[in-house]
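A closer look at the structure
The residues making up each chain are set out below.
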Amino acid sequence: MDLSHSGINISIDSIFRVGNNFYYQGNSWVERKIFDEHLFESKKKSYWWTADFFPDFILQQDFYNNKTSWVNSRGVEFNAGIEENLFVRAQYFETLAKFPNYLDSIVNKDLIIPGQGFRRLNTPGVYDYGYASGFLLYNISRYFSVQFGHDKNFIGDGYRSMLLSDIGFNYPFLRLNGYFGDLQYFIMWAQFQDIDSAFNSINHVWQKKYGVFHYLDWNVTNRLSIGFFESVIWKEMDSTYGYRGFDWQYLNPVIFFRPIEYSLGSPDNVLMGINIKYKIPENLITYGQLLIDEMSYNEYIHNRGYWGNKLAYQLGIKGYNLFNIENLYVQAEHNSASP
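In this report, the structure presented in the accompanying data block is examined. On a predicted model such as this, the values are computed, not experimentally measured, just so you know. Every chain's residues receive numbers from 1 upward, in the order its sequence appears when written. Since the coordinates come from a predicted model, pLDDT governs what is reported: local features require at least 70, and pairs of side-chain atoms require 80 or more to be given and counted, while whole-chain, interface and lining totals use all residues. Derived side-chain values reflect all non-hydrogen atoms in the structure, with water molecules and hydrogen atoms excluded from consideration.

1. Observations concerning the nonpolar core
The condition is simple: The term nonpolar core refers to a set of buried residues drawn from Ala, Val, Leu, Ile, Met, Phe, Trp, Tyr and Cys, joined through side-chain atoms within 4.5 Å. Per-residue accessibility, obtained with a 1.4 Å probe over protein chains only, is compared with the maximum for each type, and a residue is labelled buried under 20%, exposed over 50%, and partly exposed between these values. We count a stretch as a helix when DSSP gives it H or I for four or more residues in a row; a strand needs E for two or more, and each element gets its number in order from the N terminus. In what follows, a contact means two residues having at least one pair of non-hydrogen atoms within 4.5 Å.
Of all hydrophobic cores here, the largest spans 16 residues; its most connected members are Ile-155, Met-188, Phe-213 and Phe-229. Only β10 (171–180), β11 (183–194), β12 (207–219) and β13 (224–235) provide two or more residues apiece to this core. For this core, the leading source of residues is β11, giving three residues. Those residues in contact with Ile-155 that lie beyond four places of it in its chain are Ser-161, Leu-163, Leu-164, Phe-186, Tyr-215, Phe-229 and Gln-289.

The structure is reproduced here in structure tokens:
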């Protein structure tokens, strides 16, 4: 996540951010505003701000089912910064959409728009949904920053992530970031809600889960980076539907949740993983992830289909300007999760 004008990058993607921002440099004021500049902006010595409007319209035809589908979105975004310490971003999108049949079946079954949240039926076959996100980032020092927001987070270099993905809907989170030479570290506390869950008749809210995430990224060399991941997820209600809420024992700011979870004798779900990337030439990297939930080594080696072996992995390669062809971007990726 690159913050405009901020001079910092809070992405864990520390070795290599593939892909350029391709701009059309227009000559007229209209061309510049559409392709190259913010719609409104102000830059002063001690602060700056920008505001933009984002219309988006997609039209497509399914010839097999003889169905026309479309997406009509209108969005606004505001960014601001004070000195080099405080940064704010806010976004809002309102969308009307008519989906192809394969998406219609998911929306009607789960009552959600994938990645967007709850849907409202505007007219038969046409859905209305909104999307809001934002965060506030404060640089405490050159070594520490704190971020509070309602947004998505992502770890890795792939189109997907096995560790922490942005495929779900936005959620509230508090994130502490540390920068120590070739090491970057973050800890994040987050709250999620299951809008497909049974309605809670007491509080009249959807069931919630809490999560805590640790990630340590180490630039071993200027070509190799290794990241260590750990998370724990738990329900706000226990098995007897008693309210548990946030477990303060997981405030632990360092890695290794498993001993805490084990000492509690809890049913909480601990995940551990690793993220690796290696830069081959300057414009090409290979990357991969391994995530382990539970695994019996003997069962895995003998391949007996043991249900308790829960793991996922990712392998990929991507690059840009390959074969000296400007703006040629290539990415290939394989993801697998079992069971």
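2. Quick look at unusual backbone geometry
Phi is positive for Glu-83, close to 50 degrees, though the residue is something other than glycine. With relative accessibility at 45%, the residue Glu-83 sits in the partly exposed group. One non-glycine residue, Asn-327, lies in positive phi territory at about 70 degrees. One can find Asn-327 in the loop between β16 (310–320) and β17 (329–338). Overall, Asn-327 belongs to the partly exposed group, its relative accessible area being 42%.

3. Quick word on the pattern of salt bridges
What counts here: Counted as salt bridges are all cases of a side-chain nitrogen of Lys or Arg within 4 Å of a carboxyl oxygen of Asp or Glu.
In total, this model carries six salt bridges according to the counting rule given. Asp-104 is paired through a salt bridge with Lys-67; the nearest N and O atoms lie 2.7 Å apart. Of this pair, Asp-104 sits in helix α2 (residues 101–110) while Lys-67 sits in strand β3 (residues 67–82), and the two are 37 residues apart along the sequence. The pair Asp-104 / Lys-67 is uniform in exposure class, with both members buried. A single salt-bridge network, built from bridges that share partners, covers Arg-32, Lys-33 and Glu-37.

4. Focus on the layout of surface pockets
Test applied: Residues are called lining when one of their atoms sits within 4 Å of a cavity or pocket point, these points coming from a 1 Å grid over the protein atoms alone, where a cavity is a set in which a 1.4 Å probe fits but cannot get out and a pocket is an open set with protein on both sides within 12 Å along at least five of seven lines. Grid points are joined across faces, edges and corners, and a volume is the space filled by probe spheres set on the points. Here the nonpolar group is Ala, Val, Leu, Ile, Met, Phe, Trp, Tyr, Cys and Pro; Asp, Glu, Lys and Arg are the charged ones; every other residue, Gly included, is treated as polar.
If you add up the space inside the largest pocket, you get close to 1100 Å³. As for the largest pocket, its lining consists of 39 residues, and the residues nearest its centre are Ile-167, Gly-168, Phe-169, Tyr-171 and Phe-192. Listing elements by their share of the lining of the largest pocket, those giving two or more residues are β5 (112–113), β6 (117–118), β10, β11, β12, β13 and β14 (269–279). Taken together, the residues of the lining of the largest pocket break down into 18 nonpolar, 14 polar and seven charged.

5. So, a nonpolar patch on the surface
Heads up, the rule is: Patch building starts from residues that exceed 30% relative accessible area and form no salt bridge, then joins like charges within 9 Å and nonpolar side chains (Val, Leu, Ile, Met, Phe, Trp, Tyr) within 5 Å. Calculation of accessible area relied on Shrake-Rupley with a 1.4 Å probe; when residues are assessed, cover is drawn exclusively from the protein chains displayed.
A cluster of nonpolar residues, Val-88, Leu-136, Tyr-138, Ile-140, Tyr-143, Phe-144, Phe-180, Leu-183, Trp-218, Val-220 and Phe-228, forms a patch on the protein surface that exposes about 930 Å² of accessible area. Residue class for Phe-180 comes out partly exposed when judged on its relative accessible area of 38%.

6. Notes on the environment of Tyr-215
The residue Tyr-215 is located in strand β12 in this model. C-alpha of Tyr-215 to C-alpha of Met-272: the two residues are 57 residues apart in sequence and 10.0 Å apart in space.

7. A short note on the side chain of Thr-95
How we decide: Here a polar contact means two N or O atoms within 3.5 Å. Within protein one must be a hydrogen donor candidate and the other an acceptor candidate, and residues neighboring in sequence count only if both atoms are side-chain atoms.
Within the fold, Thr-95 resides in strand β4 (residues 86–98). Among the polar contacts made by the side chain of Thr-95, one reaches the side chain of Ser-73 at a distance of 2.8 Å.

8. A word on the pairing of strand β15 (residues 284–294)
Inclusion rule: Here the rule is simple: two strands pair whenever DSSP picks up at least two bridges between them.
Inspection of the sheet shows β14 paired to β15 by eight bridges, in the antiparallel sense. From the neighbouring strand, Lys-279 faces β15, where its bridge partner is Ile-285. Looking at chain direction, β15 and β16 are connected through ten bridges and run antiparallel. Note that in β16 the partner of Gly-288 across the bridge is Leu-315.

9. Describing the environment of Glu-94
Among the structural elements, Glu-94 can be located in strand β4. Here Glu-94 falls in the buried class, since its relative accessible area comes to 17%. In this structure, the C-alpha to C-alpha distance between Glu-94 and Ser-73, residues 21 residues apart in sequence, is 5.7 Å. Not counting chain neighbours up to four residues away, the residues in contact with Glu-94 comprise Asn-72, Ser-73, Arg-74, Arg-120, Asp-128, Tyr-129 and Gly-130. Within the structure, the side chain of Glu-94 is placed 2.7 Å from the side chain of Tyr-92, a separation counted as a polar contact.

10. Some details on the packing of aromatic side chains
Basically, it comes down to this: Any two of the Phe, Tyr and Trp rings considered here, Trp counted by its six-membered ring, make a pair once their centres fall within 6.5 Å; the pair's planes then place it as stacked at under 30 degrees, edge-to-face at over 60, or tilted in between.
Inspection of the entire model under this criterion finds 13 aromatic pairs. Ring centres of Tyr-171 and Phe-173 lie 6.2 Å apart, and the angle between their planes is 65 degrees; on these two criteria the pair is classed as edge-to-face. Both residues of the pair, Tyr-171 and Phe-173, count as buried. Considering the side-chain rings of Phe-213 and Phe-229, the 6.3 Å spacing of their centres and the 35 degrees angle between planes classify their relative orientation as tilted. Taken together, the positions of Phe-213 in strand β12 and Phe-229 in strand β13 put the pair 16 residues apart, joining distant regions of the chain.

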